[in-house]
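# Tertiary structure, described
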Amino acid sequence: MSGMTEMVRKITLSRAVRIMQNLFPEEYNFYPRSWILPDEFQLFVAQVRMVKDGDPSWKPTFIVKPDGGCQGDGIYLIKDPSDIRLAGTLQSRPAVVQEYICKPLLIDKLKFDIRLYVLLKSLDPLEIYIAKDGLSRFCTEPYQEPSPKNLHHVFMHLTNYSLNIHSGNFVHSDSTSTGSKRTFSSILCRLSSKGVDIKKVWSDIISLVIKTVIALTPELKVFYQSDIPAGRPGPTCFQILGFDILLMKNLKPILLEVNANPSMRIEHEQELSPGVFENVPSLVDEEVKVAVIRDTLRLMDPLKNKREKQSQPHKKPLAGKEGPSDCEPAGTSDTNPNPEAHLPSICLKQVFPKYAKQFNYLRLVDRMANLFIRFLGIKGSMKLGPTGFRTFIRNCKLSSSSLSMAAVDILYIDITRRWNSMTLDQRDSGMCLQAFVEAFFYLAQRKFKMLPLHEQVASLIDLCEYHLSLLDERRLVCGRSSTAGVRPPGRSTPQGATPSAQQVEGHPPCCTNSAHKSSRPRHALS
Ligand code: ADP
């Protein structure tokens, strides 16, 4: 999927999640506090010092991860921000430094993480599937809370398979419930036998996945529109993502990272005699990954989708009947009649739009991205020029006696310059989506004082969408009387938070404002 590799880089993911943390701190507390290096080094030092001054008993550990790294490469733990300087090159090498989760859930005294496979079937409309089973990858040295003595013990702190395979303690097992790589369902069974509410664990994981995808989709849409021409049915893009998740001792899931290109290998290397290696099948990998690939092919089969549409023309979408708390834990069976009953049962479960009602209120940045895309102008561009930004302000009627167009220009220049000096991508000049979001937050805070940020932002989005829909209606009327079917000059967005000319055609142009509003309640998207 266009832009996915870029979006899941450590820095980009941290930025995207941080925007959501600013809007919804509680909902997004599943991602450890992170700072981007080298830009936020001073901020990191200052914030850590501030918390330490307030609470001298706080003895944190941090994990430093180079941007774009994988398989644990270049990762190390520190106890104090000053250790970063000692490590040398970091002032120049982009990285993320993150609070280290010191109390992970242990099994057999070992730290482990979970790799879950997620199918992003479609971006617009958003469709997410999660595999009912995943992999659990174990460390190979018993865990101890970080101390200066053990900080460098990678087999104790890092769960990467590619690292631990080199430990003498790595156990290849013929069973899916023992050894250094196991199925996640075997872990859940074990927890369940100890009385853990595994339905809750599973439902928290589903929430984490949906929220993370919601944080990633706005920018993916910007990538998508720059690659796929608007107004034409584009190719159907999908992506299998690998989510790496850590369970804390209190069973809260924490997002470690998202992989755009997760390994689908179903065999591992075995050393037969010193220096002689052979590839042997890995039962655990096979059990989990084959099902993911098989179901992805089943779900993405265009002929099957066509057949289904023909046979069920009036089938209603699944949207939001149950909450994630109703999600089935791994291994439970489907009750729906399955037209492919002769094939193994489906392992990929749809979670979005199934639970859309519970999560749509979080999709504010998505609606901002729709506005952003509308004003992009030049085809293929991903950055907003000064004229586009001015048009946005004018069309949404945001300038006033207290916000002159000159002030708007200064706002544009200030924010754009700062973002362009921070980001590595200097391909085109102009305002990127994240800079636009920052400007939008600023405008929302000015206009709707005293409200929490997410309400300020939601109110401003409502206002913008309202003015743009009026504009579209007016243009449609003009268009009808001159050239029938002419689209508004702004780019119509693929997902249309602002209705396109065709969508509006269904409504009488005399539609009252209140009627329009009521058809579009705040937070009700999709
Ligand atoms: P990579 O892409 O190099 O694998 P990750 O972000 O997945 O980088 O980190 C590697 C490993 O480090 C993880 O698998 C996990 O075991 C450990 N880890 C990463 N971040 C944290 C954290 N914030 N707290 C505790 N452990 C972490």
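Cut-offs and rules
Residues numbered from 1 in each chain as written. Predicted model: local features only at pLDDT ≥ 70, side-chain atom pairs only at ≥ 80, totals over all residues. Heavy atoms only, no water. Helix = DSSP H or I, 4+ residues; strand = E, 2+ residues; numbered from the N terminus. Buried < 20%, exposed > 50% of the residue type's maximum accessible area, 1.4 Å probe, protein only. Contact = heavy atoms within 4.5 Å. Areas by Shrake-Rupley, 256 points an atom, 1.4 Å probe, with all protein chains shown as cover. Near = heavy atom within 4 Å. Polar contact = N/O pair within 3.5 Å; in protein donor to acceptor, adjacent residues only side chain to side chain. Expected span 1.5 Å × (residues − 1). Bend = angle between axes of the 7 residues up to and from the residue. Pairing = 2+ DSSP bridges. Axes fitted to C-alpha atoms, helices over the stretch in contact; angles between N-to-C directions. Parallel < 35°, antiparallel > 145°, perpendicular 65-115°, else oblique. Nonpolar A, V, L, I, M, F, W, Y, C, P; charged D, E, K, R; others polar. Phe/Tyr/Trp six-rings, centres within 6.5 Å; stacked < 30°, edge-to-face > 60°. Lys NZ or Arg CZ within 6 Å of the ring centre and 35° of its normal. 1 Å grid on protein atoms, 1.4 Å probe; cavity = no way out; pocket = protein on both sides within 12 Å on 5 of 7 lines; lining within 4 Å. Points joined across faces, edges and corners; volume = space filled by probe spheres on them.

What follows covers the overall build of the protein. A tally of helices and strands in the protein yields 18 helices and 14 strands. The buried share of the protein, reckoned over its 526 residues, is 51%. Considering only contacts in the protein between residues 6 or more positions apart, those separated by 24 or more positions represent 69%. Of the accessible surface of the protein, which amounts to about 25,200 Å², a share of 55% is contributed by carbon and sulfur atoms.

Close contacts around the ligand come from 23 residues, with Lys65, Gly72, Thr159, Asn160 and Glu257 the closest. Aspartate 113 places a polar side-chain atom, nitrogen or oxygen, 3.4 Å from an oxygen atom of the ligand. Bound to the protein, the ligand loses 98% of the 550 Å² it would expose on its own. Of all the elements in the fold, those that place two or more residues in the shell around the ligand are β2 (62–66), β4 (95–99), β6 (110–122) and β11 (253–259).

Here the focus is helix α8 (residues 198–227). An ideal rise of 1.5 Å per residue puts 44 Å on 30 residues; α8 measures up with 42 Å between its terminal C-alpha atoms. Where α8 bends most, at threonine 217, the angle is about 35°, and the proline proline 218 comes one to four residues later. For α8, the buried fraction is high: 26 of the 30 residues fall into the buried class.

Reading across from one edge, β1-β4-β2-β3 is the order of the four strands in this open sheet, with antiparallel pairing throughout. On the outer flanks of this sheet lie β1 (34–37) and β3 (76–78), each paired with one strand and no other. Averaged over all pairs of adjacent strands, the angle between strand axes in this sheet comes to 25°, irrespective of strand direction. Sheet topology places β2 next to β4; five bridges connect them, and they run antiparallel. Directly across from isoleucine 63, in β4, lies its bridge partner glutamine 98. Packed onto the sheet, helix α2 (residues 10–23) meets β1, β2 and β4 and runs at close to 135° relative to β1. Contacting β1, β2 and β4, helix α3 (residues 41–54) runs over the sheet at an angle of about 145° to β1.

Moving on: the packing of helix α7 (residues 184–193) against α8. At their nearest, the axes of α7 and α8 sit 9 Å apart, and the two run at 140° to each other. With respect to each other, α7 and α8 are oriented oblique. In this structure, α7 contributes Phe184, Leu188, Leu191 and Ser192 to the contact, and α8 contributes Ile198, Val201, Trp202 and Ile205. Residues belonging to the contact of α7 with α8 are distributed by class as follows: seven nonpolar, one polar and no charged.

Applying the stated criterion across every chain yields a total of 17 aromatic pairs. Pairing tryptophan 35 with phenylalanine 44 gives two aromatic rings, centres 4.8 Å apart and planes at 50°, and the pair type is tilted. Phenylalanine 44 sits in the buried class, given a relative accessible area of 0%. Between phenylalanine 389 and phenylalanine 436, the ring centres sit 6.4 Å apart and the planes meet at 90°, which makes this aromatic pair edge-to-face. With a gap of 47 residues between them, phenylalanine 389 in helix α13 (residues 386–395) and phenylalanine 436 in helix α15 (residues 433–447) connect regions that are remote in the sequence. With a relative accessible area of 1%, phenylalanine 436 lands in the buried category. Ring-pair connections join several aromatic residues into one group, and the members of that group are Phe372, Phe375, Phe389, Phe392, Tyr412, Phe436 and Phe440. Over the ring of tyrosine 161 we find lysine 181; its NZ or CZ atom is 4.0 Å from the centre of that ring. Against the face of phenylalanine 138 rests arginine 182, its NZ or CZ located 4.1 Å from the ring centre.

To continue, consider empty space enclosed by the protein. Under the criterion given, the structure shown has five cavities of 30 Å³ or more. The calculated volume of the largest cavity comes to roughly 110 Å³. As for the largest cavity, its lining consists of 14 residues, of which His172, Ser173, Lys181, His268 and Ser282 are closest to the centre. Ranked by residues supplied to the lining of the largest cavity, first place goes to helix α9 (residues 283–300) with three residues. Class assignment of the residues belonging to the lining of the largest cavity gives a composition of five nonpolar, seven polar and two charged.

Note on backbone geometry: most residues besides glycine have negative phi, and most peptide bonds are trans. In this structure, the amide linkage connecting leucine 37 to the following residue, proline 38, adopts the cis form with an omega of 5°. Here the amide bond leading from phenylalanine 352 into proline 353 is cis, since omega sits at 15°, within 30 degrees of zero. Tracing the backbone shows proline 353 in the loop between β14 (348–352) and α11 (356–359). In the Ramachandran plot, leucine 251 falls in the positive-phi region, its phi being about 75° despite a non-glycine side chain. On the secondary structure map, leucine 251 appears in the loop between β10 (239–247) and β11.

As for its position among the elements, serine 136 is in strand β8 (residues 135–138). For serine 136, the residues in contact, after removing those within four places along its chain, are Phe112, Asp113, Ser180, Lys181, Arg182, Thr183, Phe184 and Ile187.

Now for the side chain of arginine 115. Its location among the elements puts arginine 115 in strand β6. Separated by 2.7 Å, the side chains of arginine 115 and aspartate 244 make a polar contact. Other than its neighbours up to four places away in sequence, arginine 115 contacts Gly134, Leu135, Arg137, Gly242, Phe243, Asp244, Asn259, Pro262 and Ser263.

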